[in-house]
Every structure is written in structure tokens, then in C-alpha cells.
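For reference, the chains in residue letters:
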Amino acid sequence: MDLAHMAPYEVRKLIRDKKITGQTSGMCLGFAQANLAILPKELAYDFLLFTQRNPKPCPILEVSDVGDPYLKKIAKDCNIATDIPKYRIYEKGVLTGEYNSVERFWRDDLVAFLIGCSFSFESELLDSGITVRHIEEHKNVPMYLTNIDCEPAGVFSGKMVVSMRPLPRDQIVKAVNITSSMPRVHGTPIQIGHPEQIGIKDINKPDFGDAVTVKPGETPVFWACGVTPQSIMMNSKPDFCITHAPGHMLITDIKNTDLKF
């Protein structure tokens, strides 16, 4: 199957039918992908405020109605409890399981937050001739927990997560210009070339995703990442939360070009 050029609704159906259970980087090129955080209504305002105070790692694309798993805006006929390849459940900040569907865990008090994903700007990078190493190597993007504090809101606080793409030095300015026009999918990089400054000790040992090859003459470039809410959940320890598994995103019907300035 040519998943790179398949329509989003077709890929979501394959995911719903459990025919795709892996990470989604490189699928449906040109269409935005989204991170997920699902919380009980009693915590939804605090988390919404957290996303507003931290738009770089947590740019909101849609918030669901309470208790309704079907989205209204970014994906047609999309059940957020079935249309992501792999989910994680956290209880009191502890990861208690990974699932290909969370229908049996759905509750009438849950609210889903869909957050912009850096996978969305990768097709723009590729179209401009910019290297995307984890796609080349058929891997998940490497992601790292940093020493950067997010601005707290209500019960939520913790550190930012970043994703990394190694780039030849002559491609960095072009990559910065492309991503700067897409703030709803993290925008400009957080750090370029000095991982130790944001608390990353070894770029060959990511906290999430897979290590990728950094070739001689390449520079690691770090973008804010929508896995940040998982760092926040582990730190803030709400009683119950559902997220996507890192790299296993919702593929939306929104074109990347619609997310530009």
C-alpha cells in the first residue's frame, strides 16, 4: 500500500480495522497529523489553560465535546477512541497499558484535545529537498525530555519534550523558514546544535521514539513536541488520562498548507 499518498479517511479506516498499528510518520503526505490527550471534564479547563500558556509544544487543533468521541472539525467521521494506531493510558502518572483501541475505556465525562504535530511539516521539508532522516530510515522520530519548564496551569506542570531531525548545515535556514510559517504544528525550532543546553546528554538515547543516524557535517535540530503532555501527565499525576503512543498519530483531513500563516 502506498500509505504516503493515500487519503486520510482511507488510512484511518485501516487503523480502525487494526490493519495499521505502527507509527504514522510519512503517511498521507500533505495532511496534518495530531497528538492526543484525553482527560476527565473536571481537569479539562486546567489543561486547556495549560495549552494556551504553552502554545509551542501544545498548539490546539480541536477540543471535543464532553463525552463525544467523534470529532467535529479536523477529521470527518473520526472516532478518536479507535482511529489512532496505538494509545497509552496513564493512572496517577503511571503508564498502565498500551492499546490499539480505547473504546472500552471511554466515559461520558471525557474530553479529547487534539494537538498539532511536527509530522505535519515534514512533507513541506521533503518537498523543499530537505532531509528527514527518520523517514529515510523507516523509524519513529527521536524525542527527548528536556530541562525546559513549561508554564504551569492549575494542576498541570512539567518539562517540555522535543523532537530531533539532523540536518546538513546548508539546509538549516530553509528548514527554519518553512517551519516558522506553521506555528500550529510547533513552528520554529527550540534549539539548534547544542543538545546539552536543553538537558539532553546523549542524542543516541532518545526518551521516546528511535535513535537515527547523525552523519558527519550534520547538526541536530530540535522542535517542541506534542508528546509534552505525556511528560506533564507523568509529573502532574491525574487519576486518569489517555494519550497517543509517541509517533502514533491521528491523521486529519486538514492540509498542511491550511496551517500556514
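The structure contained in this document is the topic of the report that follows.

Rules and cut-offs
Residues numbered from 1 in each chain as written. Predicted model: local features only at pLDDT ≥ 70, side-chain atom pairs only at ≥ 80, totals over all residues. Heavy atoms only, no water. Helix = DSSP H or I, 4+ residues; strand = E, 2+ residues; numbered from the N terminus. Rg over C-alpha atoms; globule rule 2.2 N^0.38 Å. Areas by Shrake-Rupley, 256 points an atom, 1.4 Å probe, with all protein chains shown as cover. Lys, Arg positive; Asp, Glu negative; His and termini not counted. Charge placed at Lys NZ, Arg CZ, Asp CG, Glu CD. 1 Å grid on protein atoms, 1.4 Å probe; cavity = no way out; pocket = protein on both sides within 12 Å on 5 of 7 lines; lining within 4 Å. Points joined across faces, edges and corners; volume = space filled by probe spheres on them. Nonpolar A, V, L, I, M, F, W, Y, C, P; charged D, E, K, R; others polar. Buried < 20%, exposed > 50% of the residue type's maximum accessible area, 1.4 Å probe, protein only. Contact = heavy atoms within 4.5 Å. Polar contact = N/O pair within 3.5 Å; in protein donor to acceptor, adjacent residues only side chain to side chain. Pairing = 2+ DSSP bridges. Axes fitted to C-alpha atoms, helices over the stretch in contact; angles between N-to-C directions. Core = buried A, V, L, I, M, F, W, Y, C linked by side-chain atoms within 4.5 Å. Salt bridge = Lys/Arg side-chain N within 4 Å of Asp/Glu carboxyl O. Arc of directions from axis to C-beta.

**Concerning the overall build of the protein**
Secondary structure assignment for the protein yields six helices and eleven strands. Since a compact globule built from 261 residues should have a radius of gyration of about 18 Å, the 17 Å found for the protein is in line with a globular shape. C-alpha extents for the protein along the principal axes are approximately 50 × 40 × 35 Å. Taken as a whole, the protein presents about 10,900 Å² of accessible surface, with 51% of it coming from carbon and sulfur. Between the mean site of the 29 positive side-chain charges and the mean site of the 31 negative ones, the protein shows a separation of 1 Å.

**Topic: the layout of surface pockets**
Vacant regions in the atomic arrangement are exposed by a probe of water-molecule size rolled over the atoms. In this model, the largest pocket occupies a volume close to 160 Å³. What lines the largest pocket is simply L3, A4, Q23, S25, G26, M27, H134, I135, H138 and K139. Among the residues making up the lining of the largest pocket, the classes are represented as four nonpolar, five polar and one charged.

**Considerations on the environment of Y144**
Structurally, Y144 can be placed in strand 6 (residues 143-149). When its relative accessible area of 1% is taken as the criterion, Y144 is described as buried. For the pair Y144 and A81, spaced 63 residues apart in sequence, the C-alpha to C-alpha distance is 26 Å. Filtering out sequence-adjacent residues up to four positions away, Y144 remains in contact with M160, V161, V162, M164, I200, D202, I203, K205, P206, D207 and F222. Engagement of the side chain of Y144 in a polar contact is seen with the backbone oxygen of I203, the distance being 2.6 Å.

**Here we look at unusual backbone geometry**
Across residues other than glycine, the phi torsion is negative in most instances, and most of the peptide bonds are trans. With a phi angle near 65°, K18 is a residue other than glycine that sits in the positive phi range. Among the structural elements, K18 can be located in the loop between helix 1 (8-16) and strand 1 (31-40). For K18, a relative accessible area of 40% corresponds to the partly exposed category. A positive phi is found at H138, a non-glycine position, where the angle reads about 55°. Examined against the element boundaries, H138 turns out to sit in the loop between helix 4 (133-136) and strand 6.

**Concerning the sheet that holds strand 8 (residues 191-192)**
Strand order in the open sheet formed by four strands is 6-7-9-8, with antiparallel pairing between adjacent strands. Edge strands, defined here as strands with exactly one partner in the open sheet, are strand 6 and strand 8. With seven bridges connecting them, strand 7 (residues 159-168) and strand 9 (residues 218-224) associate as antiparallel partners. Bridging across to strand 9, V162 finds its partner in A224. Docked against the sheet, helix 6 (residues 228-236) engages strand 6 and strand 7, running at close to 150° with respect to strand 7.

**Comments concerning the nonpolar core**
If you look at the biggest cluster of nonpolar residues, it comprises 36 residues, and the most contacted ones within it are L36, I38, I74, I80, L114, I242 and L250. Every element with two or more residues in this core is listed here: strand 1, strand 3 (87-91), strand 5 (110-116), helix 5 (172-180), strand 9 and strand 11 (250-255). Contact partners of L36, with chain neighbours within four places excluded, come to I80, I84, Y87, A112, F113, L114, I242, T243 and H244. With 27 residues, the next largest nonpolar core counts Y90, Y144, C150 and V162 among its residues.

**Quick notes on the pattern of salt bridges**
Side-chain pairs of opposite charge can arise where the charged atoms are in close proximity. This structure, assessed with the given rule, holds 14 salt bridges. R133 is paired through a salt bridge with E218; the nearest N and O atoms lie 2.6 Å apart. You can see R133 sitting in helix 4 and its partner E218 sitting in strand 9, a full 85 residues away along the chain. A salt bridge links K159 to D149, with the shortest nitrogen-to-oxygen separation between them at 2.7 Å. You can see K159 sitting in strand 7 and its partner D149 sitting in strand 6, a full ten residues away along the chain.

**Let's talk about helix 5**
Where helix 5 is concerned, the buried positions are I172, A175, I178 and T179. Viewed end-on, helix 5 has its buried residues packed into an arc of 125°, placing them on one side of the element. Away from the buried face of helix 5 by more than 90 degrees, exposed residues V173 and N177 are located. Buried residues belonging to helix 5 abut helix 3 (122-127), strand 7, strand 8 and strand 9.

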